Amino acid sequence: IFTLQTFGDPGKMKDYHYTGPVEHRFSPYAFNGGTVLAVAGDDFAIVASDTRLSEGYSIHSRDSPKCYKLTDTTVIGCSGFHGDCLTLTKIIDARLKMYKHSNNKTMTSGAIAAMLSTILYGRRFFPYYVYNIIGGLDEEGKGAVYSFDPVGSYQRDTYKAGGSASAMLQPLLDNQIGFKNMEGVQHVPLTKEKAVQLVKDVFISAAERDVYTGDALRICVITKKGIDEQTLPLRKD
Amino acid sequence: MALEDLCHFRDIFQEDITTERFSINLLHFYIPEVEYLDESPIQFAFPLPTNLPFTSSQTVPLPFPMAHGTTTLAFMFQGGVLAAADTRSSCSGLVACPASQKILPIHSHLVGTTSGTSADCMLWKRILARELRLYQLRHSRRLSTRGAAKLLSHMLHPFKGTELCVAATLCGWDGGELEDECHDHEESAGTTKTQKPDLGMTVGPSQGSSFTPQDSSRKARLSGPRLFYVCSDGTRLEGMLFSVGSGSPYAYSILDQGVRWGLTVEEATSVAREAVYRATHRDAYSGNFVDVFHITSKGWTRRKREDLKEEYYREKERQRLERKTQHDILRANTSIYSQCLAMPS
């Protein structure tokens, strides 16, 4: 008999009051925390993640960024279960190489997104516990963000937050980038500098209120010139 | 036992389960084994390793919830088929995506609405589109909507009893097959497809004298709008009106009142929009925008996505004006009444 506490709430600690005899099964999943964010602009894309790796009440590492560079124009952010993140990025790298060798060109961001969707769905009945967000430039050079759920449903967005603090960050992005439900505001297009500043502010807020987010922030800015990485310290407590 | 021998019961356990699937002996009962849980629904470059732990005993309880909850509807009328859906994708209380697409075009004359788990619906629609395209290339004609519904239903059957959840309505227009060889259908653009006038509902054949009158009348009977409901638990139904999802009871009430065969396209669009709007108002798991697709003999067209928040505010404004006029009438009546009372009798 499973209690709802064991599986219903991922990543949150189990209650310590006595609820009666409980059967604990080995779970192949663990929740390692972390938050990922991606924003797309007219000619740039930003993928940012915190660098804390935690499990339960402990922190395993303060320097484990969750952005992985795939090609010169695409970066993926994976948060959730770290074991599945590592395996998934290895599989994606292998598939990218295979594509490059058989088609003699690098995969575009849209193609990587479609491929990742089928990779994730291939494990429909034992999923990868990973929340993915791909950020990159599409064929026309415009910024593109593709957000996924753990079993492969995806779509193209302008901005998306994923991971443990996603429920806190997404409304803020809806307000600041999407101008949702605001009357009488001018929709100014987002510049790269403003977007980077916004991402920094947003992560500082997330680190305040989410215990699994903090330590440092890694920002990857993707433009047609290449990928530029910056690291910024966050709260360490 | 005699019955055992007749049914070849022992053979089922001794033979390999994968060859069993293709056995043509009618007395071999097809029992979906739990090994299907190991098989990937789609095989690409990597065959799935069979030595994964925890897959064959039972499905691993997931630490995350899946996306569910929606309102989709589709109905047939004299102008074709109309499909409408909301765009909210929720995940046990959190709106995972306020602008998801629940009506997915499969090919130029077939559109499917999706309900259930969004990943399942998206991927199975992709698989169905691939299979229909292969059929079209092999047989140089499009598979009918009925055939597509049957194909989807049979593809989902091995996964019956698992947590796969797909409830789709396939809306299509059959007919006009012979022109397809000349056209390369672009399925990505959302604009009206221009085609040569197809056979459609017309009776006279427009090409060749090899058609017999029986052929042409059969074509007329087989072509036209079609609507099918396919569910992952095995249901496959043909009908004129379907609504699927958590908001469907509310949508059904509007549709049952407003849908008739003789509607014009504008009237049908407004009924569909109204049904989705009312359902989103009452159902917590539906909301945000409404998508409307219209399928005719020329293909599908998509109406611009509409924000229901505007509609809600227009409705509030209308109610406010109504209340104001009612209030004015009431005041006018009471003042007349008090004047009558004040007058000396």
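- Going by what an unreviewed UniProt entry lists, chain B is known as Proteasome 20S subunit beta 11b and is assigned to Nothobranchius furzeri.
- UniProt lists a comment for chain B under the heading Subcellular location (unreviewed entry), and it reads "Nucleus".

- Taking an unreviewed UniProt entry as the reference, chain A is identified by name as Proteasome subunit beta belonging to Nothobranchius furzeri.
- Among the UniProt annotations of chain A, the heading Function (unreviewed entry) holds the following wording: "Component of the proteasome, a multicatalytic proteinase complex which is characterized by its ability to cleave peptides with Arg, Phe, Tyr, Leu, and Glu adjacent to the leaving group at neutral or slightly basic pH. The proteasome has an ATP-dependent proteolytic activity."
- A UniProt comment under Subunit (unreviewed entry) is attached to chain A, and it reads "Component of the proteasome complex."

**Some words on the pattern of salt bridges**
Residues and elements named next belong to chain B.
At step 1: Inspection of every chain in the model, using the stated rule, returns 22 salt bridges over all chains.
At step 2: The residue E238 makes a salt bridge to R146 at a minimum N-O spacing of 2.4 Å. Here the residue E238 occupies a position in strand β9 (residues 236–238), and R146 occupies one in helix α5 (residues 145–156), the gap between them amounting to 92 residues.
At step 3: Overall, E238 belongs to the partly exposed group, its relative accessible area being 43%.
At step 4: Among the salt bridges present, the one from R278 reaches E315, with a minimum N-O distance of 3.4 Å. Here R278 is found in helix α8 (residues 265–282), whereas its partner E315 is found in helix α9 (residues 308–342), with 37 residues between them in sequence.
At step 5: Owing to a relative accessible area of 27%, R278 belongs among the partly exposed residues under this scheme.
At step 6: It is possible to trace a salt-bridge network through shared partners that takes in E274, R278, E315 and R318.

**A look at helix α2 (residues 82–103) of chain A**
An α-helical turn contains 3.6 residues, so any two residues separated by three or four positions project in the same direction.
At step 1: Given a rise of 1.5 Å per residue, 22 residues ought to cover 32 Å, and the 31 Å separating the end C-alpha atoms of α2(A) matches this to within 8%.
At step 2: Once α2(A) finishes, N104(A) follows within two positions and takes phi at roughly 60°, a positive value.

**What about the sheet that holds strand β5 (residues 67–71) of chain A?**
Residue and element names in this part refer to chain A.
At step 1: As summarised here, the arrangement of the five strands in space is β5-β6-β7-β8-β9, forming an open sheet in which the pairing is antiparallel. In this open sheet, the two edge strands, each paired with only one partner strand, are β5 and β9 (154–157). On average, adjacent strands in this sheet sit at an angle of 25° to one another, irrespective of strand direction.
At step 2: Running over the sheet, α2 touches β5, β6 (74–80) and β7 (130–137) and is turned about 10° from β5.

**A word on unusual backbone geometry**
All names here are of chain A.
At step 1: Of note, the phi angle at N104 is positive, near 60°, even though the residue is not glycine.
At step 2: Structurally, N104 can be placed in the loop between α2 and α3 (109–121).
At step 3: We note that F179 has phi near 50°; this positive angle belongs to a residue other than glycine.
At step 4: The residue F179 is located in the loop between α4 (166–176) and α5 (192–209) in this model.
At step 5: You can call F179 buried: its relative accessible area is 16%.

**Quick look at the environment of P225(B)**
Residue and element names in this part refer to chain B.
At step 1: Residue position: P225 is located in strand β8 (residues 224–231).
At step 2: Here P225 falls in the buried class, since its relative accessible area comes to 10%.
At step 3: Sequence separation between P225 and A148 is 77 residues; the distance between their C-alpha atoms is 14 Å.
At step 4: Residue contacts for P225: discarding those within four places in its chain leaves M76, G80, V81, G172 and W173.

**Some words on the packing of aromatic side chains**
At step 1: Across all of its chains, the model carries 13 aromatic pairs over all chains by this definition.
At step 2: Between F75(B) and F77(B), the ring centres sit 6.0 Å apart and the planes meet at 55°, which makes this aromatic pair tilted.
At step 3: For F75(B), a relative accessible area of 0% translates into the label buried.
At step 4: A residue is classified by how much of its surface remains accessible, and F77(B), at 0% relative accessible area, is buried.
At step 5: An aromatic cluster is defined as three or more aromatic residues linked by ring pairs; in this entry it consists of Y29(A), F31(A), F126(A), Y129(A), Y131(A) and Y212(A).
At step 6: Here the basic side chain of R123(A) rests over the ring of F126(A), its NZ or CZ set 4.9 Å away from the ring centre.
At step 7: Positioned above the aromatic ring of Y128(A) is the side chain of R123(A), whose terminal nitrogen or guanidinium carbon lies 4.5 Å from the ring centre.

Conventions used here
- Residues numbered from 1 in each chain as written.
- Chains lettered and ligands numbered in written order.
- Predicted model: local features only at pLDDT ≥ 70, side-chain atom pairs only at ≥ 80, totals over all residues.
- Heavy atoms only, no water.
- UniProt positions renumbered as here; feature names shortened; annotations may be inferred.
- Salt bridge = Lys/Arg side-chain N within 4 Å of Asp/Glu carboxyl O.
- Helix = DSSP H or I, 4+ residues; strand = E, 2+ residues; numbered from the N terminus.
- Buried < 20%, exposed > 50% of the residue type's maximum accessible area, 1.4 Å probe, protein only.
- Expected span 1.5 Å × (residues − 1).
- Pairing = 2+ DSSP bridges.
- Axes fitted to C-alpha atoms, helices over the stretch in contact; angles between N-to-C directions.
- Contact = heavy atoms within 4.5 Å.
- Phe/Tyr/Trp six-rings, centres within 6.5 Å; stacked < 30°, edge-to-face > 60°.
- Lys NZ or Arg CZ within 6 Å of the ring centre and 35° of its normal.

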